[in-house]
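# Reading the structure
Here's the letter readout for the chains.
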Amino acid sequence: MTGPEMNAPIRKFAAVLAAAVASAGLTACVGAFNPQTDPTSPVAPRVQALVDANREYPRWADFPKSPEPQPDPAVVAAEVNTLRVTSGALAGEVSRIEWTLNEDPAAFAEAVRARVDAVQVAPVTQNTAAEIEEFARRVRERGRAPPPIPRR
């Protein structure tokens with residue numbers, strides 16, 4: 001016997017063993033899909049009533065019918081073709097755009113940094129995390145309800 005012929009029974013045994021383990025794992029999960037309500041619980045009757053009332057899935061007959069008639073297949077096909085033509089026109093417009101993002105990444109990053117630095121920053125956005133936390137603490141203190149008024 002050659003090497004592959006000798007390994008064939010081992011592979012078959014491994015495949016059968018893997019199938020047995022997988023089927024045993026699946027049968028262990030079956031009980032999880034049909035849980036039982038604990039009869040000693042004080043809310044057990046209410047829970048069981050809710051479970052029994054909602055056990056069935058909605059049927060198609062339960063859904064309301066569409067007030068508008070469904071479009072003919074020819075209309076749907078025409079809209080699909082319109083979308084294809086529009087998509088082709090959009091692709092043509094995009095191909096005519098002069099893209100500038102494929103230049104030197106360092107120069108692009110510097111240009112973006114310069115554009116961001118040119119915009120004035122609101123003073124509120126310059127606050128540090130500690131300043132923001134302190135502001136939030138002060139606002140929470142101001143928002144706390146006063147003590148209750150005595151009745152007498």
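Remember, it's a predicted structure, so these values are computed and weren't measured experimentally.

Basis of the calculations
Residues numbered from 1 in each chain as written. Predicted model: local features only at pLDDT ≥ 70, side-chain atom pairs only at ≥ 80, totals over all residues. Heavy atoms only, no water. Helix = DSSP H or I, 4+ residues; strand = E, 2+ residues; numbered from the N terminus. Buried < 20%, exposed > 50% of the residue type's maximum accessible area, 1.4 Å probe, protein only. Areas by Shrake-Rupley, 256 points an atom, 1.4 Å probe, with all protein chains shown as cover. Salt bridge = Lys/Arg side-chain N within 4 Å of Asp/Glu carboxyl O. Patch = residues over 30% accessible without salt bridge, like charges linked within 9 Å, V, L, I, M, F, W, Y side chains within 5 Å.

## Thoughts on the overall build of the chain
Secondary structure summary: the chain contains five helices and zero strands in total. From first element to last, N terminus to C terminus, the chain shows the α and β order α-α-α-α-α. Put simply, the chain has 152 residues, and 1% of those count as buried. For the chain, the accessible area works out to roughly 14700 Å², and carbon and sulfur atoms hold 64% of it.

## Some details on the pattern of salt bridges
Side chains bearing opposite charge may pair, as long as their charged atoms lie close to each other. Throughout the structure, instances matching the rule amount to four salt bridges. Close ionic contact of Arg59 with Asp62 constitutes a salt bridge, the shortest N to O distance being 3.1 Å. Using a relative accessible area of 52% as the deciding quantity, one classes Arg59 as exposed. The residue Arg137 makes a salt bridge to Glu134 at a minimum N-O spacing of 2.5 Å. With a gap of three residues between them, Arg137 and Glu134 both fall in helix H5 (residues 129-143), about one helical turn apart.

## Focus: a nonpolar patch on the surface
The grouping of Leu90, Val94, Ile97 and Trp99 at the surface amounts to a nonpolar patch, some 390 Å² of accessible area in total. As for its position among the elements, Trp99 is in the loop between helix H3 (73-95) and helix H4 (105-118).

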